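Overview (structure and organization)
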Amino acid sequence: MDKYLYDLKKELCKCLSNNKRICVMADYHEYYLDMKKEGKTEKEISNLLGSPAAIVKAVADDIRVFGRFNPYIIIRIFLVMVVLLLLFSQYYSSLCTGEAILMNEFILFPSILLEIAAIDYLLYSRFAFVIDNVSALLNALPFLESFVIGMLISVWFINRYFRNVVALDISFLLALEPFAFALISSFIVFFIRKKYVKVIAYECTA
Amino acid sequence: MNAQLKKGLVELCILSMINKHKEMYGYEIIEKVEQGFSNTPEATVYLALKRLYEKKLIDCVLKSSQYGPPRKYYHLLSAGKQELEAMVGEWKELTEIVNKFITED
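Procedures and definitions
- Residues numbered from 1 in each chain as written.
- Chains lettered and ligands numbered in written order.
- Predicted model: local features only at pLDDT ≥ 70, side-chain atom pairs only at ≥ 80, totals over all residues.
- Heavy atoms only, no water.
- Helix = DSSP H or I, 4+ residues; strand = E, 2+ residues; numbered from the N terminus.
- Buried < 20%, exposed > 50% of the residue type's maximum accessible area, 1.4 Å probe, protein only.
- Contact = heavy atoms within 4.5 Å.
- Phe/Tyr/Trp six-rings, centres within 6.5 Å; stacked < 30°, edge-to-face > 60°.
- Lys NZ or Arg CZ within 6 Å of the ring centre and 35° of its normal.
- pLDDT = per-residue confidence, 0-100.
- Arc of directions from axis to C-beta.

Side note on the side chain of Thr44 of chain B
Residues and elements named next belong to chain B. Here Thr44 shows up in helix H3 (residues 44-54). Here Thr44 falls in the buried class, since its relative accessible area comes to 5%. Those residues in contact with Thr44 that lie beyond four places of it in its chain are Lys7 and Val10.

This is the structure:
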């Protein structure tokens, strides 16, 4: 990536959510390529479009919602942790006791939906509390999220259809199997998500 | 020129430019505004475009480009045409008033 676009992306990561950053980047990427096509240098482009820091300041001032630190992010992270903890405790208790009472679809599916909604909200709409060295972690999070979703679906599948077939004393094997399912389904969900996010980026204007 | 004054006028200029050309892409608009008003504050044109889009005065269509991602081509919506007429009317009225004061002996 060219230095101007790289700097702009870095600055945008500091104070805008992923969605807004993708939208602004898509527009500036377009302007940048048009200028390059005309033979303008990086300096001329920076003079005409403005420095990355100045653009981000102007855009953030205009949006006014996002600051460098959003205290609500802590509450959101806490909520997501609670949801995840509840889901894993269900899984763990069903493995230990052999009871599958809590692992029925009436509880698990809404929980999974809640988890997806919570993490999506956290990652794609309002993740305003981003500092430079967290960017790499952020890029990995969609994969982790897909992994969790994949694992939960696998756990449900095994419990639903194999619980009565498999003897309880080999339940430790059951604990490993979801990871294999999860890994495969994670890749699938991850690539679908990647494509979907790209489409969103081209659809929005600002 | 005063930055605040410039900001307000950029929207009027963008609307009338798009109206004349029927369809324009982002960089074309930025370049033309920059030619008219030199040293426009950073992101002014971009944010003005965004505001006009959010107010549903303009819309955009993605058209493929051989140089990279698809380009957004902006065109005026009917609400935009009405807004432009109103803005032009206000502008003419305003310049008449100001001219009177300037030229008054």
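Focus: the packing of aromatic side chains
Under the definition given, this model contains 5 aromatic pairs over all chains. Both rings, one in Tyr4 of chain A and one in Tyr32 of chain A, keep their centres 5.8 Å apart while their planes meet at 5 degrees; by these two values the pair is stacked. Of this pair, Tyr4 of chain A sits in helix H1 (residues 3-15) while Tyr32 of chain A sits in helix H2 (residues 18-37), placing them 28 residues apart in sequence. Here the two residues Tyr4 of chain A and Tyr32 of chain A agree in accessibility, since each one is buried. Pairing Tyr25 of chain B with Tyr73 of chain B gives two aromatic rings, centres 5.6 Å apart and planes at 70 degrees, and the pair type is edge-to-face. With a gap of 48 residues between them, Tyr25 of chain B in strand S1 (residues 24-25) and Tyr73 of chain B in strand S3 (residues 68-76) connect regions that are remote in the sequence. Here Tyr25 of chain B and Tyr73 of chain B have matching classes, each one buried. Here a set of aromatic residues connected by ring pairs shows up, and it is made of Tyr28 and Tyr31 of chain A together with Tyr46 of chain B. Across the ring face of Tyr73 of chain B, the terminal group of Lys63 of chain B is positioned such that the distance to the ring centre comes to 5.2 Å.

As for the confidence of the model for chain B
Looking at chain B, pLDDT values average 86 and 92% of them are 70 or higher. Model confidence for the complex is summarised by a pTM of 0.53, with the ipTM given as 0.81.

As for helix H2 (residues 26-36) of chain B
Residue and element names in this part refer to chain B. Looking at H2, one finds that the buried residues are Gly26, Tyr27, Ile29, Ile30, Val33 and Glu34. Burial along H2 is one-sided: seen end-on, the buried residues are contained in an arc of 160 degrees. Summarising the geometry of H2, the exposed residues directed more than 90 degrees from the buried face are Gln35 and Gly36.

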